[in-house]
Amino acid sequence: MPRLLALFLSLATAVAAPLLDRTPGVVSYTFRNQFKDDMPGTFDKVKAFGLTDIEMSNLFGQEPARIRALMDARGIACSSYGAPYNDVLRKTDEVAAVAKILGAQYVRVSLPSGKKPFDKTEALQRIAEMNTMGKQLREKHGLTFVLHNHGMEFVPEGAGTLYDLIVAQTRPEDVSFELDVLWAYLPGADPAALFARYGARIPLMHVKDVRKGVPRTWGHKYDSDNDVTLGTGQLDQAAIFAAARQAGVKHYYLEDESSHSLTQVPASIAYLRADR
């Protein structure tokens, strides 16, 4: 019996592991107000949290070279640069230059929202544009173009959604994806199933959770204070991270848009590090 108990305990210990095998990255939008007020001090906070991988979603009025110097001085690396869709479309080379100064490998966009609902006609237009942008970034600059979802992409289309259409009709070598799990989940999609279906097409992830009780819908005004500490909300984090690992996600960026991000981010990091 003691030997059986010891075997059981050793097996239990062997399978216990954190959800993520590394410290996550972070999206600069998480600390947008702090970055606007005090960029050096905010990078100090980021480093104090143990975060060294960042997606810069904004320059906050600063020159990219200054941002790069502030990051380098603290051992922080920018792996992805988020730019407005139309900037990348119309000023591809200029955006690429900024990304390179920051040290980013990925140039990330979101689809522009318009007065009309997103539909198949617009999706096909954006597909053609993204194939063009992605090819130029790859061939001319050695950068990877990435589309970030914001919910509108999960409108039903045929046997799937417009998101499925976009993935199917964009060239894998020119267009990759960043899955925002909250803005896949709320419109009704299953983030884990998307990772399983599309695998290496999704190298980036926005790590989030949403308050219990928030309805699964899209198109309403979302209160960013419904972003909560990982593991306390609706999302099945264990299933999502297992699928993301299997898909080969390269960068996991914490994004907490709430007014409590300075306290929730450390708690989310602790959640990811805890054995379970």
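Criteria and cut-off values
- Residues numbered from 1 in each chain as written.
- Predicted model: local features only at pLDDT ≥ 70, side-chain atom pairs only at ≥ 80, totals over all residues.
- Heavy atoms only, no water.
- Helix = DSSP H or I, 4+ residues; strand = E, 2+ residues; numbered from the N terminus.
- Rg over C-alpha atoms; globule rule 2.2 N^0.38 Å.
- Buried < 20%, exposed > 50% of the residue type's maximum accessible area, 1.4 Å probe, protein only.
- Contact = heavy atoms within 4.5 Å.
- Areas by Shrake-Rupley, 256 points an atom, 1.4 Å probe, with all protein chains shown as cover.
- Salt bridge = Lys/Arg side-chain N within 4 Å of Asp/Glu carboxyl O.
- Pairing = 2+ DSSP bridges.
- Right-handed = clockwise from strand over helix to strand, strands pointing away.
- Axes fitted to C-alpha atoms, helices over the stretch in contact; angles between N-to-C directions.
- Left-handed = near helix turned anticlockwise from the far one by under 90°.
- Nonpolar A, V, L, I, M, F, W, Y, C, P; charged D, E, K, R; others polar.
- Expected span 1.5 Å × (residues − 1).
- Phe/Tyr/Trp six-rings, centres within 6.5 Å; stacked < 30°, edge-to-face > 60°.
- Lys NZ or Arg CZ within 6 Å of the ring centre and 35° of its normal.

Below, the discussion takes up the overall build of the chain. What the chain contains, in helices and strands, is 12 helices and 10 strands. Relative to the globule expectation of 19 Å for 276 residues, the C-alpha radius of gyration of the chain, 19 Å, shows essentially globular dimensions. Along the longest, intermediate and shortest principal axes, the C-alpha atoms of the chain span 70 × 50 × 35 Å. Split into buried and exposed, the 276 residues of the chain put 51% on the buried side. Within the chain, contacts between residues separated by at least 24 positions form 78% of all contacts whose residues are at least 6 apart in sequence. For the chain, the exposed surface amounts to about 12,700 Å²; the carbon and sulfur share of it is 54%.

Along the chain, valine 46 turns up in helix α3 (residues 39-48). Note on valine 46: relative accessible area 1%, which makes it buried. Taking the C-alpha atoms as reference, valine 46 lies 21 Å from glycine 231; in sequence the two are 185 residues apart. Apart from the residues lying within four places of it in its own chain, the contact partners of valine 46 are Val26, Phe31, Phe35, Leu51 and Ile76.

What follows concerns the pattern of salt bridges. Across all of its chains, the model carries 17 salt bridges by this definition. A salt bridge links glutamate 122 to arginine 126; the nearest nitrogen and oxygen atoms lie 3.3 Å apart. One end of the pair is glutamate 122 and the other is arginine 126, both in helix α7 (residues 120-141) and four residues apart, which spans about a single turn. Residue class for glutamate 122 comes out buried when judged on its relative accessible area of 16%. The structure contains a network of salt bridges with shared partners spanning Arg138, Glu139, Arg171 and Asp174.

With that out of the way, let us pick up the pairing of strand β5 (residues 144-148). Across the five residues of β5, four count as buried, placing the element largely inside the fold. Of the pairings in the sheet, the one linking strand β4 (residues 106-110) to β5 comprises five bridges and is parallel in character. Across the sheet, residue tyrosine 106 finds its bridge partner in β5, namely threonine 144. Between β4 and its parallel partner β5, the chain crosses via α7, and the hand of that crossover is right-handed. Both β5 and strand β8 (residues 176-180) contribute to a ladder of three bridges, which runs parallel. Considered in β8, the bridge of leucine 147 is made with phenylalanine 177.

Moving on, we come to unusual backbone geometry. One non-glycine residue, phenylalanine 60, adopts positive backbone phi at about 55°. Within the fold, phenylalanine 60 resides in the loop between β2 (53-56) and α4 (64-74).

Let's shift gears to the packing of α3 against α4. Here α3 crosses α4 at 35°, and the two axes come no closer than 10 Å. Viewed along their axes, α3 and α4 form a crossing whose handedness is right-handed. Contact residues: Met39, Pro40, Phe43, Asp44 and Lys47 in α3; Arg66, Ile67, Leu70, Met71 and Arg74 in α4. Across the contact of α3 with α4, the residue classes break down as six nonpolar, no polar and four charged.

When the terminal C-alpha atoms of α7 are compared, their 30 Å separation across 22 residues agrees well with the 32 Å that a helix rising 1.5 Å per residue should span. Along α7, the residues classified as buried are Glu122, Ala123, Arg126, Ile127, Glu129, Met130, Asn131, Met133, Gly134, Leu137 and His141. In this structure, the buried side of α7 is in contact with α5 (85-90), α6 (92-102), β4, β5 and α8 (162-169). Immediately downstream of α7, the backbone of glycine 142 shows phi near 70°, a positive value.

Attention now goes to the pairing of β2. The alternating pattern of β2 places Asp53 and Glu55 on one face and Ile54 and Met56 on the opposite face, and all of these are buried. Judged from the two bridges that link them, strand β1 (residues 25-27) and β2 form a sheet pairing that is parallel. Within β2, the position partnered with valine 27 by the bridge is glutamate 55. Relative to strand β3 (residues 77-82), β2 runs parallel, the two being bridged by four bridges. In the strand pairing of β3, methionine 56 is matched with tyrosine 81. Regarding the hand of the β-α-β motif, the stretch spanning β2, α4 and β3 is right-handed.

Let's shift gears to the packing of aromatic side chains. Enumeration according to the criterion identifies eight aromatic pairs in this entry. Taking the centre distance of 5.3 Å and the plane angle of 20° together, the rings of phenylalanine 35 and phenylalanine 60 count as stacked. Within this pair, whereas phenylalanine 35 is found in helix α2 (residues 32-37), its partner phenylalanine 60 is found in the loop between β2 and α4, the two being separated by 25 residues in sequence. Of the two residues, phenylalanine 35 and phenylalanine 60, both sit in the buried class. Between phenylalanine 154 and tyrosine 163 the ring centres are 4.9 Å apart and the planes differ by 15°, which places this aromatic pair in the stacked class. Feature note: the residues Phe154, Tyr163, Phe177 and Tyr198 constitute an aromatic cluster, connected by ring pairs. The ring of tyrosine 185 carries the charged tip of arginine 216 above its face, separated from the ring centre by 3.8 Å.

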